[in-house]
Amino acid sequence: MTTAILIAGGAGYIGSHVALALCDAGRKVVVLDDLSTGRRDLVPAAATFIEGDIGDRDLVRRVLAEHGCTGLMMFAGSIIVSESFQMPLPYWRNNAAAGLAFLETCVAAGIRHFVYSSTAAVYGTPDRLPVAEEATLRPISPYGRSKLALEWALADACEVAPTRFAALRYFNVAGADADLRSGQVSPVATHLIKIAVEAAAGKRDGMTVFGDDYPTPDGTCIRDYIHVSDLADAHVLALAHLEAGGDSLIANCGYGHGFSVREVIEAVKRVSGRDFPVGLGPRRRGDPPALVADSARLKRMLGWTPKRDDLDLIIRSAFEWETK
Ligand code: UDP
């Protein structure tokens, strides 16, 4: 196949793993990234890299035409729930406004297939677990609301354009490529597994559990941690589904079972063989007590079979990346 896939935000953590998966599958990949949080060295050598902003309509038009892109995947955006409370408008600008400009440009350019990185944050605090795609959408953070806004815009646009979309709602993504070609990089880490492996690697003195008075068995929050390479596989399958003429779809990406914050920290200590101090702090704003995916749709419609559903394996790869 000679048609190219544009990956917006392909120098970031998840985008670069998807770029690797597509390159490994022999696809022609073009990465567009402004490097505000992404890193040039995470972009696969086989991909074409263009530095720029997804909201730059002229640039996006030119890139789509020059490389003959028929499909795209959209990862660019701001992703830290707690930060979104401090700076709501930049979240709306990056995730909704820039995303909308990008969407308009791509739809006008005749892009057929659009894979969007959505999030479990669109559900807020679900009434029941595991949460299925039909659950009420009640995001409780500016992050979740800005991501849902673009998901809705995309669905509305695809009603009248010849574009079809897949919105993949990620649960908690962690781990690194098996060959350590990419992994999570953030100047200031906020995600649990990243912080815990940094502590295990001696890059920080210790860490804090944000609240142990949640209505869960050990009082700490429960999340469904999915290996980034299983998530990347879901993207490759979603694109193949759209390219084969499949209908637009919205699908959860998670394993269907969760671990508490304390269980994750214990697993990091066990897998790394390193101990580190763990303090207790107050709850963090915007954290629902528990989030676990019902991923039956992803399995049924895309034939997705998780290959790395193993918390220790996820943590081992994250720790190896951290100490690389
Ligand atoms: N968490 C924690 N200490 C940390 C970082 C995270 O206790 O230093 C908790 C956080 O409060 C949440 C869970 O770990 O309950 C997962 O948070 P993360 O930021 O990794 O992902 P999110 O669920 O916010 O997308």
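Structural data are supplied above this passage.
Residues numbered from 1 in each chain as written. Predicted model: local features only at pLDDT ≥ 70, side-chain atom pairs only at ≥ 80, totals over all residues. Heavy atoms only, no water.

## What to know about the overall build of the chain
Then comes step 1: Secondary structure summary: the chain contains ten helices and 14 strands in total.
Then comes step 2: Relative to the 2.2 N^0.38 estimate, which gives 20 Å for 324 residues, the radius of gyration of the chain is 19 Å and therefore close to what a compact globule would have.
Then comes step 3: Here the chain, with 324 residues, has 56% of them falling under the buried criterion.
Then comes step 4: Nonlocal contacts in the chain, meaning residues at least 24 apart in sequence, comprise 78% of its contacts between residues at least 6 apart.
Then comes step 5: Of the roughly 13600 Å² of accessible surface on the chain, a fraction of 52% belongs to carbon and sulfur atoms.
Then comes step 6: For the chain, the centre of its 34 positive side-chain charges and the centre of its 39 negative side-chain charges are spaced 1 Å apart. (Helix = DSSP H or I, 4+ residues; strand = E, 2+ residues; numbered from the N terminus. Rg over C-alpha atoms; globule rule 2.2 N^0.38 Å. Buried < 20%, exposed > 50% of the residue type's maximum accessible area, 1.4 Å probe, protein only. Contact = heavy atoms within 4.5 Å. Areas by Shrake-Rupley, 256 points an atom, 1.4 Å probe, with all protein chains shown as cover. Lys, Arg positive; Asp, Glu negative; His and termini not counted. Charge placed at Lys NZ, Arg CZ, Asp CG, Glu CD.)

## Here's the deal with the pairing of strand 6 (residues 164-170)
Then comes step 1: Strand 6 sits mainly inside the fold: six of its seven residues count as buried.
Then comes step 2: Here strand 5 (residues 113-119) pairs with strand 6 via seven bridges, running parallel. When the bridges of strand 6 are listed, Y116 appears paired with A167.
Then comes step 3: In terms of handedness, the path from strand 5 via helix 5 (residues 142-160) over to strand 6 forms a crossover that is right-handed.
Then comes step 4: One ladder, built from five bridges, connects strand 6 with strand 11 (residues 249-253); its direction is parallel. (Pairing = 2+ DSSP bridges. Right-handed = clockwise from strand over helix to strand, strands pointing away.)

## A word on the packing of helix 8 (residues 261-272) against helix 10 (residues 311-322)
Then comes step 1: Packing of helix 8 against helix 10 brings their axes to within 9 Å, and their N-to-C directions diverge by 65°. The handedness of the crossing between helix 8 and helix 10 is right-handed. Contacts from V264, A267, V268, R270, V271 and S272 of helix 8 reach helix 10 at L311, D312, I315, R316 and F319.
Then comes step 2: Residues of the contact of helix 8 with helix 10, tallied by class, amount to seven nonpolar, one polar and three charged. (Axes fitted to C-alpha atoms, helices over the stretch in contact; angles between N-to-C directions. Left-handed = near helix turned anticlockwise from the far one by under 90°. Nonpolar A, V, L, I, M, F, W, Y, C, P; charged D, E, K, R; others polar.)

## Notes on a negative patch on the surface
Then comes step 1: A surface patch of like charges, here negative, comprises D34, E51, D53 and D56.
Then comes step 2: Structurally, D56 is set in the loop between strand 3 (48-51) and helix 2 (57-67). (Patch = residues over 30% accessible without salt bridge, like charges linked within 9 Å, V, L, I, M, F, W, Y side chains within 5 Å. Salt bridge = Lys/Arg side-chain N within 4 Å of Asp/Glu carboxyl O.)

## Looking at empty space enclosed by the protein
Then comes step 1: Here the structure, examined in full by the defined rule, presents one cavity of 30 Å³ or more.
Then comes step 2: Every residue lining the largest cavity is listed: Y13, A174, G175, A176, Q184, I193, K194, V197, A318, W321 and E322.
Then comes step 3: Across the lining of the largest cavity, the residue classes break down as seven nonpolar, two polar and two charged. (1 Å grid on protein atoms, 1.4 Å probe; cavity = no way out; pocket = protein on both sides within 12 Å on 5 of 7 lines; lining within 4 Å. Points joined across faces, edges and corners; volume = space filled by probe spheres on them.)

## Describing the packing of aromatic side chains
Then comes step 1: Tallying each qualifying case throughout the model produces four aromatic pairs.
Then comes step 2: Ring centres of Y91 and Y143 lie 6.5 Å apart, and the angle between their planes is 85°; on these two criteria the pair is classed as edge-to-face. On the criterion of sequence distance, the pair formed by Y91 in helix 4 (residues 88-108) and Y143 in helix 5 is long-range, its members being 52 residues apart. For the residue pair Y91 and Y143, the accessibility class agrees, reading buried in each case.
Then comes step 3: Taking 6.5 Å as the distance between ring centres and 35° as the angle between the ring planes, the aromatic pair formed by Y123 and F171 counts as tilted. Placement of Y123 in the loop between strand 5 and helix 5 and of F171 in the loop between strand 6 and strand 7 (172-174) is noted, with a sequence separation of 48 residues between them.
Then comes step 4: On the basis of relative accessible area, Y123 is assigned to the buried category, the value being 0%.
Then comes step 5: A residue is classified by how much of its surface remains accessible, and F171, at 6% relative accessible area, is buried.
Then comes step 6: Directly above the ring of F276 sits K269, whose terminal nitrogen or CZ lies 5.1 Å from the centroid.
Then comes step 7: Sitting over the ring of Y214, R283 keeps its end group 3.9 Å from the ring centre. (Phe/Tyr/Trp six-rings, centres within 6.5 Å; stacked < 30°, edge-to-face > 60°. Lys NZ or Arg CZ within 6 Å of the ring centre and 35° of its normal.)

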